[in-house]
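# Understanding the architecture of this molecule
Spelled out, the chains give:
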Amino acid sequence: MKASDLFIKCLENEGVEYIFGIPGEENTDLIDSLIDSNIQFVVVHHEQAAAFMADVYGRLTGKPGVCLATLGPGATNLLTGIGDAYLDYSPVVAITGQAGLERIHKQSHQYIDIIGVFEEVTKWSQQIRVPHTIPEIVRKAFKKAVLEKPGAVHIELPEDIASMDTEGEPIPVTKVPLYLPDEEEIKKAAAAINEAKRPIILAGNGVIRDKAAGALRKFAEDNNIPVVNTFMAKGVLPSDHPLTLYTVGIQAKDYVLCGFDIADLIITVGYDIVEYLPKYWNDEAMNKIIHIDSLPAEVDGYYPLQSELVGNIKKTLEALNPHIEQKELCSKIKQLKTQLVEKLHASDDTSGSPIIPQRILADLKRAEKGEAIVISDVGAHKLWIARMYQPEKPNHTIISNGFATMGIAVPGAIAAKLAHPDKPVVAVTGDGGFLMNGVELATAKRLGISFTVVIFHDEKYGLIEWKQLNKFNRTNAIEFTDPNFLQFAESFGVKGIKVTHSDELLPALEEAISSNEIVLIDVDVDYSENEKLSKTLGDYICKL
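Everything in this summary refers to the structure shown in the same document. (Residues numbered from 1 in each chain as written. Predicted model: local features only at pLDDT ≥ 70, side-chain atom pairs only at ≥ 80, totals over all residues. Heavy atoms only, no water.)

### Some points on helix α11 (residues 213–223)
The following threshold applies: Throughout this description, buried means an accessible area under 20% of the type-specific maximum (1.4 Å probe, protein chains only), exposed means over 50%, and partly exposed covers the range between. Here a helix means four or more residues in a row that DSSP labels H or I, a strand means two or more in a row labelled E, and each is numbered from the N terminus. Arc definition: directions from the helix axis to the C-beta atoms.
All of the buried residues in α11 are A213, A215, L216, F219, A220 and N223. Buried residues along α11 cover an arc of 165° about the axis, so they all sit on one side. Directly beyond the C-terminal end of α11, a positive phi value near 60° is found at N224.

Structure representation (structure tokens):
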């Protein structure tokens, strides 16, 4: 068989269902080998979108998402999405073509060292130099992609290697082993928790990755310990749960941080330092930390460890739970929870035109009824989603956090719908982020899938305006001109709805989410609320 045929057999062996990408001259053998495969090749309009699709697919399924590009600019176009997967610990396998080995020792058309380029944003980047190594390299790539902590890997297949004759068989897939911390370390951590009067849990991305939300909820309920989640761990407790203190992650003094000010011990569960640096939440109290995660903690001066429990998060929580004595919930925490609920919902029904972010998100929550997977792009709206939007289930709000990458929403929605075809999907984006990859509406239409796009429309890079005003009290170079988004959508055969007043919003959202088609909702947003929030963040002092 051809080497490219063997490569595709190995991908089939790994359970790959979709490859997102663009065909090119140097990956043409792989594309041809897919003709008789059960793997669906999803043709996109930009390789960045392909990488985003693989990224979100990996986050939602726990299986590596796969993306494909040719050499040179095709490969480098993948980089932004691969960087996002790398810093958000999403399992992804990127495959790129390359010039033949006979010409990579000299200057050559479209040739650059892609292996070297990808080494900085992947766990492993490897070129295939002889065809019989394909089964080993593919199996190793997929294994590395899912091993804790998961992330992106890269395989380069030169065009002359791809077309060579070879023999071989895929290597069987084995389960990743589960590890538990030492019993003595569990007892040590339990003693510290039992000694604490006001412990608090900080739940991070690892809770979602390890499917440990159920175990975390039981641990919190059994022991009466309140839970704060990062952007990446939204939904680990439902929004009405008495122990949830909602979300932290804004790099400023926010009222939810009072929970950390009250605490005398912080139990981090599946927390990745890249999510939210400890100096933003532990700089004053300098509370001791119990670290529960799949890997040892990163060394950080604001992260003083009392104990480390390293192993599978779900199994670790189950092993630790019987050793903990139930706490009485601190009265200050109860007061804080009351304040949080009041502040988070204070503007839910604010009427007007244009529409404030809080109202947009409140109506979205009403319309999707806790069932939708919401993909957030990056921009000013992301901070409002991170702060205000509380999903009811884990992995139902996807936020680009570590790399904070604009343009992810529409490609991410496509991947989410492919991963979970029976769930409603909503892409929430700014007009700037939408214009980066909005062309992938054509891809979605071609695939016959349905989802809703909500555009926060202000014809500015709103987050940068927010930052400039905070720092300089003036702005520069943040405005641009939008097309008519309804006509843009219509050109792809997509329905568009314009919303200018809050009274129009909920009916539009309900219509879009209940329909079996792609619907774009263009919403005029009032971002004057950004400055109001900035003024309250720094001034709020916990006086409970």
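### Brief notes about the packing of helix α3 (residues 47–61) against helix α17 (residues 409–419)
What counts is decided by this rule: Helix axes are fitted only over the stretch in contact, all axes being lines through C-alpha atoms; the angle between N-to-C directions runs from 0 to 180 degrees. For classification purposes, angles smaller than 35 degrees are called roughly parallel, those larger than 145 roughly antiparallel, those between 65 and 115 roughly perpendicular, and all remaining angles oblique. Each crossing gets its hand from how the near helix is turned against the far one by less than a right angle, where anticlockwise is left-handed and clockwise is right-handed. Note on definitions: a residue-residue contact is assigned when non-hydrogen atoms from the two residues lie within 4.5 Å.
At a closest axis distance of 8 Å, the pairing of α3 and α17 adopts a crossing angle of 40°. Accordingly, the angle class assigned to the pair α3 and α17 is oblique. Here α3 runs over α17; the crossing is right-handed. Residues A49, F52, M53, V56, Y57, L60 and T61 of α3 form the contact with α17, whose participating residues are P411, G412, I414, A415, A416 and A419.

### Thoughts on the sheet that holds strand β14 (residues 397–399)
Stated precisely, the cut-off is as follows: In short, DSSP must find at least two bridges between two strands for them to pair.
Within the open sheet, the 6 strands sit side by side as β14-β13-β15-β16-β18-β17. Their pairing is parallel. Two strands bound the open sheet, and with one partner strand each, they are β14 and β17 (495–499). Between one strand axis and the next, the sheet turns by 20° as a mean value, whatever way the strands run. Sheet topology places β17 next to strand β18 (residues 519–524); 5 bridges connect them, and they run parallel. Considered in β18, the bridge of K498 is made with D522. Packed on one face of the sheet, α17 meets β13 (373–376) and β15 (425–430) and runs near 175° to β15. Against the sheet, helix α22 (residues 502–514) touches β15, β16 (452–457), β17 and β18, its axis set at about 165° to β17.

### Things to note about the sheet that holds strand β6 (residues 152–158)
Strand order in the open sheet formed by 6 strands is β2-β1-β3-β4-β6-β5, with parallel pairing between adjacent strands. Looking at the sheet topology across the chains shown, the edges are occupied by β2 (40–43) and β5 (124–127). Adjacent strand axes in the sheet meet at a mean angle of 20° when their direction is disregarded. For strand β1 (residues 18–21) and β2, the ladder comprises 4 bridges, and the chain directions are parallel. Across the sheet, the residue bridging to F20 is V42, located in β2.

### Brief notes about the packing of aromatic side chains
This is how it is decided: Each Phe, Tyr or Trp ring (for Trp, its six-membered ring) is paired with any other whose centre lies within 6.5 Å, and the angle between the two planes then decides the class: stacked below 30 degrees, edge-to-face above 60, tilted in between. Criterion for a charge above a ring: Arg CZ or Lys NZ at most 6 Å from the ring centre, at most 35 degrees from the ring normal.
Summed over all chains, the structure comprises 14 aromatic pairs. Relative to W281, the ring of F260 lies with its centre 5.4 Å away and its plane at 40°, an arrangement referred to as tilted. Here W281 lies in the loop between β10 (265–269) and β11 (289–293) and F260 lies in helix α12 (residues 258–262), a separation of 21 residues in the sequence. Here the aromatic rings of Y461 and F480 are separated by 4.8 Å at their centres, their planes lie at 55°, and the arrangement is tilted. Here the residue Y461 occupies a position in the loop between β16 and α20 (462–472), and F480 occupies one in the loop between α20 and α21 (485–491), the gap between them amounting to 19 residues. The ring centre of Y89 lies 5.4 Å from the NZ or CZ of K149, which sits over that ring.

### Let's talk about the pairing of β1
Operational definition: Here a crossover is taken to be right-handed if, once the strands point away from the viewer, the path from the first strand over the helix to the second is traced clockwise.
Residues Y18 and F20 line one face of β1 and the alternating positions I19 and G21 line the opposite face, and both faces are buried. This β-α-β element, β1 to helix α2 (residues 28–33) to β2, shows right-handed connectivity. For β1 and strand β3 (residues 65–69), the ladder comprises 3 bridges, and the chain directions are parallel. By the bridge assignment, I19 is partnered in β3 with V66.

### Examining unusual backbone geometry
Omega for the peptide link from E148 to K149 comes to -10°, which places this bond in the cis form. With respect to the element layout, K149 can be found in the loop between α7 (134–146) and β6. Not every positive phi belongs to a glycine, and Y89 is a case in point at roughly 55°. If you trace the backbone, Y89 turns up in the loop between α5 (79–87) and β4 (92–98). The phi torsion at E459 lies on the positive side, around 55°, for a residue other than glycine. Here E459 lies in the loop between β16 and α20. Classification of E459 by relative accessible area gives partly exposed; the value is 32%.

### Observations regarding the pairing of β6
Within β6, 7 of the 7 residues are buried, which leaves the element mostly enclosed by the surrounding structure. Every second residue of β6 is oriented toward a common face, with A152, H154, E156 and P158 on one face and V153, I155 and L157 on the other, all of them buried. Pairing of β4 with β6, which is carried by 7 bridges, proceeds in the parallel orientation. Among the inter-strand pairings, G97 is bridged to a residue of β6, identified as L157. Sheet topology places β5 next to β6; 4 bridges connect them, and they run parallel. Within the sheet, the bridge partner assigned to Q126 lies in β6 and is I155. Read as a crossover between parallel neighbours, the route from β5 over α7 to β6 is right-handed.

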